[in-house]
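Residue strings, one per chain:
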Amino acid sequence: MAKLTIADLKKIKEKQHATFTLREGGYRAKVTVHMGTCGIAAGARNIMTTLMDEISRANVEDVITTTSGCAGFCAREPMATVEIVNKAPVKYGNLTSDKISEIFREHVMGGNPVEKYALVVGSETTY
Amino acid sequence: MEKYRANLLLCAGTGCVATGTPKVRDALKAELEKQGLADEIKIVLTGCNGFCAEGPVMLVYPEEIFYQKLTVNEIPKLVEEHFLKGRPYEKLMFKDIEKKHAIPLMNDIPFFKLQVLRVLRNKGMIDPESLDEYIARDGYTAAATALNEMTPEEIIKVMKDSGLRGRGGAGFPTGLKWEFASKSQADQKYMLCNGDEGDPGAFMDRSVMEADPHSVIEGMIIGAKTIGASKGVIYVRAEYPLAVERLQKAISVCLDSGLLGENILDSGFNFNLEIYLGAGAFVCGEETALMRSIEGQRGMPRPRPPFPAHKGLWDKPSVLNNVETLAQIAPIILNGADWYRSLGTEKSPGSKVFALTGDIRNVGLVEVPMGIPLKTIIYDIGGGVNKKKKKFKAVQLGGPSGGCIPQELIDIPVTYEDIVKTGAIVGSGGMVVMDEDTCMVSTAKFFLEFTADESCGKCTPCRVGTRVMLDMLTDITEGRGKEGDIETLQDLSKDIIATSLCGLGQTAPNPVLTTIKYFGHEYEAHIKEHWCHAGICSDLCSFHIVDDLCKGCGACMRGCPSNAIVGEKKKPHRIIQELCLQCRSCYDICKFGSIEIRPALETKPEPAVKDEEVTT
């Protein structure tokens, strides 16, 4: 292992940034994939996988994903809620891999909710 | 780099490992793989989380949900509910005292909410075996600053301004200690760490070494630079295998990456660090004895002066700091003296780690600001006495060198200067809580047994004096106490304190003195009435059933090992005194409080029939 310099300390810290955003808080956006029985049956797993691939590919560190239970609107599963800090959360329904990719690019990264897929603005309280 | 959507920080401190972390980890890993979540959710083993009473414990990020008492059987359900379906699993959450509802978030649980984390800043937050994770939390930034941008004088000034006092027990100002050693001239100096924590019921230093070994190493690098030491030793007792293992790994990764060894962080400063295993003698926590032990000699203190800052290890100037002291050096360098003083009091700034044990609900490790009332630690953080119907009686602070603080003084602020007024000491931070069923004479005897055993034998007052005191206490607890014993104990205590060389002898009588001071009536009852109110000293008590309170449920009868209890169902039972062993099991079993403890019977009644008279 090469000897560390002060610059290396900073690099290591930056590299670990995403992990510690998760543990210390301070994220910019949170995407919740609803994974009740209905969501899973409708393909929510696939949505989660796609989303994580997108985050990984975009190499962003301030976006976290989490799961929650059934949103109560089983007919429109799979669903996801996008929360940008200090903005109202937006719920999307009838998702597919392509749709969640688009939502990730436009809403999570671009800051513009994708109205054509949006169900509603607002969210029930989650933990 | 792999991305994870959740991190599971599973406690792998000694406490949680003992309660089942390894099995839980395997089950969790297998279940995550089964559900196809292994790539999304990362398991991290951390050092002691502090809430040992509820172990094994786990923190789930990003939600910060706290799970406790994990078992292998619950894992599949937990994974399905929380990690697959996103429904935090209430069954494994912390329940508030009335057991009415679950508290999901860690920082809503009083045990965590009231703590401030400085020494324990990384507990349960990082993997103690990962250098990168330590660096991610500003690790080694302070060392870099100290090595490259600060002179020893500047570091000493920050340390003195911060007012940090040694956390090993004596509370000596750290900045001053460093200044003395820094000014000593010598071809070789040593920076030493005292990890020889040996008080019964104390585990602060062990937890720091296990949870955050790099914080200790970083403190030592900064100290070494300040005093000009190129060599260092961490003295740890061999009974702390996990701490030793983590420190060893940390040292070797530091050597590989140039954080120890030659030219650290391009500063031109060299520092080599090794571990020395102690065999677990209590006296080796004393600095001169510890240094002798490292030199390969029998661990015995020597008179000071010369102080170690002038003549220490191998007769070279040395600084010995306690683990907890060293762990807070880096944040002080990074944030400054004023930041450090923002907590605590004028004379006792900062925070202190305490190990809560004994008859307390939330056994564990806590860090609180200095000056916090003792009551807050015991009731709000500690959750009070662990048995519902029992009352708090006293808390032993400072281990065998400390003293008992009774219920009346529980509002006292926890600072070096206030605690010392009670006759106890802050010490290294062990807090043993005792409920009303504790016999204070036996407690004093227990601690004195420890110190009498651990006395190195150099000073006669300590070697012989503690033994004489112990014999007297044994006599008192076995019914051979005499008038005047209390005064003799106090006199002996004064002599031992005045004439012993080191801290062991100078503090050994403290538990006896404080229990006499606050619970003198118990000593008198033992001696004059042959009555141990708590029913602990079996020669000094007798057990009786109060007819009015007895429901005749038979529980005591079934629990009695000597079949000394007789009676019909739903009618008051009776204890046959000549069969009773005073084992106290009926007292502990009875839900109605119908067992009364009275003085020892003068003579045991002969035939069982006569026992009829011995009722209320």
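For the structure itself, consult the block above.
Rules and cut-offs
Residues numbered from 1 in each chain as written. Chains lettered and ligands numbered in written order. Predicted model: local features only at pLDDT ≥ 70, side-chain atom pairs only at ≥ 80, totals over all residues. Heavy atoms only, no water. Helix = DSSP H or I, 4+ residues; strand = E, 2+ residues; numbered from the N terminus. Buried < 20%, exposed > 50% of the residue type's maximum accessible area, 1.4 Å probe, protein only. Areas by Shrake-Rupley, 256 points an atom, 1.4 Å probe, with all protein chains shown as cover. Pairing = 2+ DSSP bridges. Axes fitted to C-alpha atoms, helices over the stretch in contact; angles between N-to-C directions. Core = buried A, V, L, I, M, F, W, Y, C linked by side-chain atoms within 4.5 Å. Contact = heavy atoms within 4.5 Å. Buried area = accessible area lost by both parts, 1.4 Å probe. Salt bridge = Lys/Arg side-chain N within 4 Å of Asp/Glu carboxyl O. Polar contact = N/O pair within 3.5 Å; in protein donor to acceptor, adjacent residues only side chain to side chain. Nonpolar A, V, L, I, M, F, W, Y, C, P; charged D, E, K, R; others polar. Phe/Tyr/Trp six-rings, centres within 6.5 Å; stacked < 30°, edge-to-face > 60°. Lys NZ or Arg CZ within 6 Å of the ring centre and 35° of its normal. Expected span 1.5 Å × (residues − 1). Parallel < 35°, antiparallel > 145°, perpendicular 65-115°, else oblique. Left-handed = near helix turned anticlockwise from the far one by under 90°.

So, about the overall build of chain A. In terms of regular secondary structure, chain A is built from 5 helices and 5 strands. Shown N-terminal to C-terminal, the secondary structure of chain A runs as helices and strands in the order α-α-β-α-α-β-β-β-α-β. Across its three principal directions, the C-alpha atoms of chain A cover 60 × 30 × 25 Å. For chain A, the residues scored as buried account for 46% of the 127 residues in total. On chain A, roughly 6100 Å² of surface is accessible, and the fraction owed to carbon and sulfur atoms is 51%.

As a general point, the strands of a sheet are linked pairwise by backbone hydrogen bonds and lie either parallel or antiparallel. Residues and elements named next belong to chain B. The strand order 2-1-3-4 describes an open sheet built from 4 strands, whose pairing is mixed. Two strands in the sheet have a free side with no partner beyond their single neighbour: strand 2 (41-46) and strand 4 (65-67). Across the sheet, the axes of successive neighbouring strands diverge by a mean angle of 20°, strand direction being ignored. Pairing geometry for strand 1 (residues 6-11) and strand 2, over 6 bridges, is parallel. Counterpart to Leu-9 in the pairing with strand 2 is Val-44.

Attention shifts here to the nonpolar core. Core analysis: the biggest nonpolar cluster contains 112 residues, and B:Tyr140, B:Trp178, B:Met191, B:Ile222 and B:Phe271 have the highest contact counts within it. Sort the elements by how many residues they give to this core and helix 10 (residues 213-227) of chain B lands first, with 7 residues. Setting aside residues up to four positions removed in sequence, B:Phe271 forms contacts with B:Met191, B:Met220, B:Ile221, B:Ala224, B:Ala229, B:Ser230, B:Lys231, B:Gly232, B:Leu260, B:Gly261 and B:Ile264. A:Ile47, A:Leu51, A:Ile100 and A:Val108 belong to the second largest nonpolar core, which has 24 residues in total.

Another point: unusual backbone geometry. Across residues other than glycine, the phi torsion is negative in most instances, and most of the peptide bonds are trans. Residues and elements named next belong to chain B. Each neighbour pair has its own omega, and for Gly-55 with Pro-56 the value is -5°, a cis peptide bond. In this structure, Pro-56 sits in the loop between strand 2 and strand 3 (58-61). With an omega dihedral of 0°, the bond running from Arg-304 to Pro-305 counts as a cis peptide bond. Despite not being glycine, Glu-64 has its phi angle at roughly 65°, a positive value.

Residue and element names in this part refer to chain B. Pairing is parallel in the open sheet, where 4 strands are placed in the order 9-8-7-10. Lying at the two open borders of the sheet, with one neighbouring strand each, are strand 9 (272-278) and strand 10 (318-322). With strand direction ignored, the average angle separating the axes of adjacent strands in the sheet is 20°. Bridge count between strand 8 (residues 231-237) and strand 9: 7 bridges; the pairing is parallel. Its bridge partner lying in strand 9, Ile-234 is registered against Ile-275.

Moving on to the interface of chain A and chain B. Size of an interface, as often reported, equals the accessible area lost when the parts are brought together. On the chain B side, the residues contacting the 36 residues of chain A number 45 residues. Summed over both sides, the interface of chain A with chain B buries roughly 3500 Å², with 60% coming from carbon and sulfur. Across the contact surface, chain A and chain B share 3 salt bridges. The partner of A:Lys13 in a salt bridge is B:Asp138, and the shortest N-O contact between them spans 2.6 Å. On inspection of chain A and its partner chain B, the count reaches 10 residue pairs in polar contact (both at pLDDT 80 or more). Broken down by secondary-structure element, the contributors of at least two residues to the side of chain A that touches chain B are helix 1 (6-15), helix 2 (17-24), helix 3 (37-42), helix 4 (44-58) and strand 2 (63-68) of chain A. For the side of chain A that touches chain B, a count of residues per class yields 17 nonpolar, 12 polar and 7 charged.

Residues and elements named next belong to chain B. Throughout the structure, instances matching the rule amount to 12 aromatic pairs over all chains. With centroids separated by 6.3 Å and ring planes inclined at 55°, the aromatic side chains of Trp-339 and Tyr-340 adopt a geometry described as tilted. Judged by relative accessible area, which is 1%, Tyr-340 ranks as buried. Grouped by ring-pair contacts, the aromatic residues Phe-51, Phe-66, Phe-94, Phe-111 and Phe-112 constitute a single cluster. Arg-118 extends its terminal NZ or CZ atom over the ring of Trp-339, reaching a point 3.9 Å from the ring centre. Lys-551 extends its terminal NZ or CZ atom over the ring of Phe-592, reaching a point 5.5 Å from the ring centre.

With that settled, consider helix 10 of chain B. All names here are of chain B. Under the 1.5 Å per step criterion, the end-to-end length of helix 10 is 22 Å for 15 residues, consistent within 8% with the ideal 21 Å. Burial analysis of helix 10 places 15 of its 15 residues in the buried class, the great majority of the element. One or two positions beyond helix 10, positive phi appears at Gly-228, with a value near 85°.

What follows is about the packing of helix 8 (residues 174-183) of chain B against helix 10 of chain B. Residue and element names in this part refer to chain B. In contact at an axis separation of 8 Å, helix 8 and helix 10 are set at 45° when each is read in the N-to-C sense. Taken together, the axes of helix 8 and helix 10 lie oblique to each other. Where helix 8 approaches helix 10, its residues Trp-178, Ala-181 and Ser-182 are matched on the opposing element by Gly-219, Ile-222, Gly-223, Thr-226 and Ile-227. In the contact of helix 8 with helix 10, the residues fall into 4 nonpolar, 4 polar and no charged.

What follows concerns the packing of helix 18 (residues 440-454) of chain B against helix 22 (residues 510-529) of chain B. All names here are of chain B. One can describe the packing of helix 18 onto helix 22 by two numbers: an axis separation of 8 Å at closest approach and a directional angle of 140°. Relative to helix 22, helix 18 is oriented oblique. The handedness of the crossing between helix 18 and helix 22 is left-handed. Residues Met-440, Val-441, Ala-444, Phe-447 and Leu-448 of helix 18 pack against Pro-511, Val-512, Thr-515, Phe-519, Glu-522, Tyr-523 and His-526 of helix 22. The residue inventory of the contact of helix 18 with helix 22, partitioned by class, reads 9 nonpolar, 2 polar and 1 charged.

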